[in-house]
Amino acid sequence: MPSNEYDDSKPSWADQVEEEGDEGTLPSPKETIKGNIKTVTEYKIDEDGKKFKIVRTFKIETRKASKAVARRKNWKKFGNSEYDAPGPNVATTTVSDDVFMTFISSKEDLNAQDQDEDPMNKLKGQKIVSCRICKGDHWTTRCPYKDTLGPMQKELAEQLGLSTGDKEKPAGSAEPEPAQPAQNKTGKYVPPSLRDGGTRRGESMQPNRRADDNATIRVTNLSEDTRETDLQELFRPFGSISRIYLAKDKNTGQSKGFAFISFHRREDAARAIAGVSGFGYDHLILNVEWAKPSNN
Amino acid sequence: MKPILLQGHERSITQIKYNREGDLLFSVAKDTVANAWYSVNGERLGTYNGHTGAVWCVDCDWDTKNVLTGSADNSCRLWDCETGKQLALLQTSSAVRTCGFDFSGNIIMFSTDKQMGYQCYLNFFDLRDPQQIEDNQPYLSVPCSESKITSAVWGPLGEFVIAGHENGEINQFSAKSGEILKKAKEHTKQINDMQSSVDLTMVISASKDNTAKLFDSTSLEHIKTFKTERPVNSAAISPIMDHVVMGGGQEAMEVTTTSTRIGKFEARFFHAAYEEEFGRVKGHFGPINCVAFHPDGKSYSSGGEDGYVRIHYFDPQYFDFELEA
């Protein structure tokens, strides 16, 4: 037990250690009772050597109880609590945080509360997956109507496709159709190259490209000094030209010696081939032939 | 309300019980000691030391003289409530699952588990006959070959024991002849707990099939059903209100994989007549294994898988609350 004697005289370090173990340097616990409030003040040293003052206040209640209960209240403690002081031992009894009973006034409240509490319930409301057959909240392969509704829907889609497809085509050629609707129709992933607009890619940028290919000639064995304007002068007599492409070196800007000339009409191109092929131009003999359709 | 937290056990609580006046609360857990607490301030009166296995059940007699505990160390022990001394040791061949004093405190019953090749037995001892305890020979031993008893309480007047079985059956066993007086098969899964009302006219059974059911003690007539979405571990009837409190949660083995928020570890209050839930109290970190009403109905306690016992004194709102029918 702590006592004041040790406070000033510390004969050896061994005693000191012992004292510290006994908390001998600490003031003894005090207990004061004022009215129905009991205050217990204790001092403690924690592992870091810091002193702590613990003040606990108790409310003393007087309750009337039956004789048997009153008698039991004065029973001696036993077992593991044999040496406990009167009153609750903090090692075994603590007062917990305030909790409240949550009242549920109606069934809806209860359900609402349930949903708040369960994060999975929030997700349940939303459709994560949607069946393509019945628009239900499950995978298409697991659709209960797969066998009955599925084939029916396919037939229906085919019929619709025939009637609407005709209408769509001219509209599609006028302006490029967005790929989205095509994807929605089947639901399957369609690579961009296979989508509706895929085959005429870049159409809007190069109108009538296919027509060009038919009326395009390739001119080779051009001199390095050739300019587009020279080619224009050379081929204009055969017909109106829609496009001239002269291959040029990226760095030097000089001609690479070949060019493509697109005419509006194929006849013009044919005449140009007949007229210019073998024509001496700038000390070189030009070679003119049909341009092979490009692979892409 | 500020619950009083009792930390007297190192493992999950298996049963808690008030004495008749409610001034003492007994708790047993899967560790080896039984604790006695003053319910008014949570002060520990003492511990009953001696068991060497998990303690499954506890009971206290009418005048708080003796305490009975049953344990998985294959013994049922009788203690002096005041001093904590062991008065009698009844050895069994398998774990003792449930135990109880009859109204007189003279006759005790306990059931043993179907375990290690031994059958489930319901044993009756008369404490007035010291020879029975000395010889460890019950005056009546009823074998239950079908399904083991998982919970049992004494019926009114000490005439029979109402036992809940692993298969969901509820049977009345006569304390005199051992024969089955009445049967009820309302539950589909194991009965986890049986508790009687303060006047012993009704019993409530808590079952793994997510329901608790109210029965008439004598006729075993099914009166009410209280449904939840988790297994019910324990249920108790309020002595003063038409209320029922239920504790449960998912199975202990699934606790670590579920968050506390969705674990449904609350004590849930149902109106006994309308069968509707009207309130919840949170607090435990795991499923509630046992609930008990104070005999004055002004407080209740719960013991959980987390090893804590919590004594709750109701706020005035609880008594004012009326359910909209």
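Keep in mind the model is a prediction, meaning the values are calculated, not measured.

So, how was this worked out
- In this convention, every chain numbers its residues from 1, walking through the sequence in written order.
- All chains are assigned letters beginning with A, and all ligands numbers beginning with 1, in the order in which they are written.
- Given that this is a predicted model, residues contribute local features only at a pLDDT of at least 70 and side-chain atom pairs are listed and counted only at 80 or more, while totals for whole chains, interfaces and linings are drawn from all residues.
- Excluded from the side-chain calculations are hydrogens and water; all other atoms, namely the structure's heavy atoms, are used.
- Helix and strand assignments follow DSSP, with helices taken as H or I runs no shorter than four residues and strands as E runs no shorter than two, numbered in order from the N terminus.
- Residue exposure (1.4 Å probe, protein chains only): buried if accessible area is under 20% of the type maximum, exposed if over 50%, otherwise partly exposed.
- Every residue pair with non-hydrogen atoms within 4.5 Å of one another is taken to be in contact.
- Accessible surface area values rest on a Shrake-Rupley calculation with a 1.4 Å probe, where residue burial reflects the displayed protein chains alone.
- At least two DSSP bridges between two strands are needed for those strands to be called paired.
- UniProt positions are given in the numbering used here, feature names are shortened, and annotations may be inferred rather than shown by experiment.
- Angular values range over 0 to 180 degrees, each being the angle between N-to-C directions of two axes fitted as lines to C-alpha atoms, with helices fitted over their stretch in contact.
- Accessible area, probed at 1.4 Å, shrinks when two parts are joined; the buried area is that loss added up over both.
- The rule for a salt bridge is simple: a side-chain nitrogen of Lys or Arg has to be within 4 Å of a carboxyl oxygen of Asp or Glu.
- Each direction from the helix axis to a C-beta atom contributes to the arc, which is the arc of those directions.
- Only centres within 6.5 Å qualify two rings of Phe, Tyr or Trp (six-membered ring in Trp) as a pair; their planes then separate them into stacked at under 30 degrees, edge-to-face at over 60, and tilted for everything else.
- Over a ring means this: the NZ of a Lys or the CZ of an Arg is within 6 Å of the ring centre and within 35 degrees of the ring normal.
- Two cysteine sulfur atoms make up a disulfide if the distance between them is within 2.5 Å.
- Polar contact criterion, stated in full: a pair of N or O atoms within 3.5 Å, where within protein one must be able to donate a hydrogen and the other to accept it, and residues adjacent in sequence count only if both atoms are side-chain atoms.

Draft legend 1. Broad picture of the overall build of chain A. Per the secondary structure count, chain A includes nine helices and eleven strands. Counting every position in chain A, which comprises 296 residues, the buried fraction comes to 22%. Considering only intrachain contacts with a sequence separation of at least 6, the fraction spanning at least 24 residues in chain A is 38%. A total accessible area of about 22300 Å² is found for chain A, and carbon and sulfur atoms account for 52% of it.

Draft legend 2. Broad picture of the pairing of strand β6 (residues 55–60) of chain B. Residues and elements named next belong to chain B. With five of six residues buried, β6 is to be regarded as a mostly interior element. Strand direction decides the pairing type here: β6 and strand β7 (residues 66–71), joined by five bridges, are antiparallel. Residue pairing in the sheet places V58 in a bridge with T69 of β7. Hairpin connection of β6 to β7: five residues between the antiparallel strands, including T64 at a positive phi of 55°.

Draft legend 3. The arrangement of the UniProt feature "repeat: WD" (unreviewed entry) in chain B in detail. Following the UniProt record, one finds the feature "repeat: WD" (unreviewed entry) at residues 6–47, 48–89, 184–225 and 281–311 of chain B. Each end of residues 281–311 of chain B is marked by a C-alpha atom, and these two atoms are 12 Å apart; helix forms 0% of the span and strand 52%.

Draft legend 4. Spotlight on the sheet that holds strand β8 (residues 255–263) of chain A. All names here are of chain A. Across the sheet, which stays open at both edges, the four strands sit in the order β7-β8-β6-β11 with antiparallel pairing between neighbours. If you trace the sheet from one side to the other, it starts and ends with β7 (241–248) and β11 (287–290), each paired once. Between one strand axis and the next, the sheet turns through 20° on average, direction left out of account. Of the pairings in the sheet, the one linking strand β6 (residues 216–220) to β11 comprises four bridges and is antiparallel in character. Its bridge partner lying in β11, I217 is registered against W290.

Draft legend 5. Structural context of the interface of chain A and chain B. Contacts between chain A and chain B engage 41 residues on the former and 51 residues on the latter. Both sides together, the interface formed by chain A and chain B hides about 3900 Å², and carbon and sulfur atoms give 51% of it. By the criterion of area lost to chain B, the three top residues of chain A are W75(A), F78(A) and M101(A), representing 19% of everything that side buries. At the boundary of chain A with chain B, the tally comes to four salt bridges. The partner of R72(A) in a salt bridge is E21(B), with the nearest N and O atoms 2.6 Å apart. Elements with a contribution of two residues or more to the side of chain A that touches chain B: α2 (67–73), β4 (93–95), β5 (102–103) and α3 (107–117) of chain A. The biggest single contributor to the side of chain A that touches chain B is α3(A), with five residues.

Draft legend 6. View of helix α8 (residues 228–235) of chain A. Along α8(A), the residues classified as buried are L231(A), L234(A) and F235(A). What you see down the axis of α8(A) is that its buried residues fit within an arc of 80°, all on one side.

Draft legend 7. Seen up close, the packing of aromatic side chains. Under the definition given, this model contains 25 aromatic pairs over all chains. Ring geometry for Y48(B) and W79(B): centres 5.7 Å apart, planes at 50°, overall tilted. With Y48(B) in strand β5 (residues 44–48) and W79(B) in strand β8 (residues 75–80), this residue pair connects regions lying 31 residues apart in the sequence. Note on accessibility: Y48(B) and W79(B) belong to one class, buried. An aromatic cluster is present here, built from F103(A), F269(B), F278(B), F293(B), Y300(B), F314(B), Y318(B), F319(B) and F321(B) joined pairwise through their rings. In this arrangement the basic side chain of R266(A) is found over the ring face of W290(A), its NZ or CZ atom lying 4.2 Å from the centre.

Draft legend 8. Here's a closer look at the sheet that holds strand β16 (residues 170–174) of chain B. Residues and elements named next belong to chain B. Strands sit in the order β14-β15-β16-β17 across an open sheet of four strands; the sheet is antiparallel. The outermost strands of the open sheet, each flanked by one partner alone, are β14 (149–154) and β17 (180–184). Ignoring which end each strand starts from, the neighbouring axes of this sheet average 20° apart. Pairing analysis gives three bridges linking β16 to β17, with the strands arranged antiparallel. Bridging from a neighbouring strand, F173 pairs with I180 of β17.

Draft legend 9. Structural detail: helix α9 (residues 266–276) of chain A. All names here are of chain A. All of the buried residues in α9 are D268, A269, A272, I273 and V276. Axial view of α9: buried residues confined to an arc of 140°, hence all on one face. Within α9, the exposed residues directed more than 90 degrees away from the buried face are E267 and A274. Buried residues belonging to α9 abut β6, α8, β8 and β11. Within two residues after α9, G278 carries a phi angle of roughly 85°, on the positive side.

Draft legend 10. Highlighting the state of the cysteines. Residues and elements named next belong to chain B. Scanning all chains against the criterion turns up zero disulfides over all chains. Here C57 is not disulfide-linked; the sulfur of C99 is the nearest cysteine sulfur, at 3.2 Å. Among the residues examined, C57 registers a relative accessible area of 2% and is labelled buried. You can see C120 has no disulfide; the closest cysteine sulfur is in C144, sitting 4.3 Å from it. A relative accessible area of 0% means that C120 is categorised as buried.

Draft legend 11. Just unusual backbone geometry, in detail. Residues and elements named next belong to chain B. Positive phi values are uncommon outside glycine, yet N136 reaches one of about 55°. Tracing the backbone through its elements, the reader meets N136 in the loop between α1 (130–135) and β13 (140–144). Given a relative accessible area of 25%, N136 falls into the partly exposed group. The backbone of L200 sits at a positive phi, close to 65°, despite the residue not being glycine.

Draft legend 12. Region of the structure containing the pattern of salt bridges. If you walk through the whole model with that rule in mind, you get 20 salt bridges over all chains. Here R72(A) ties to D23(B) by a salt bridge, and the two come within 2.8 Å at their closest N and O atoms. Of this pair, R72(A) sits in helix α2 while D23(B) sits in the loop between β2 (13–18) and β3 (24–29), which puts the two residues in different chains. Using a relative accessible area of 12% as the deciding quantity, one classes D23(B) as buried. For R218(A), the salt bridge goes to E289(A), with nearest N and O atoms at 2.1 Å. With a gap of 71 residues between them, R218(A) in strand β6 and E289(A) in strand β11 connect regions that are remote in the sequence. Using a relative accessible area of 27% as the deciding quantity, one classes R218(A) as partly exposed. It is possible to trace a salt-bridge network through shared partners that takes in E229(B), E266(B), R268(B), E277(B) and R280(B).

Draft legend 13. Quick peek at the side chain of T47(B). Mapped onto the elements, T47(B) comes out in strand β5. Among the polar contacts made by the side chain of T47(B), one reaches the main-chain amide nitrogen of N80(A) at a distance of 2.6 Å. Polar contacts involving the side chain of T47(B) include one to the side chain of N49(B), which spans 3.0 Å. Those residues within four positions of T47(B) in sequence are excluded, and the remaining contacts are F78(A), G79(A), N80(A), A34(B) and N35(B).

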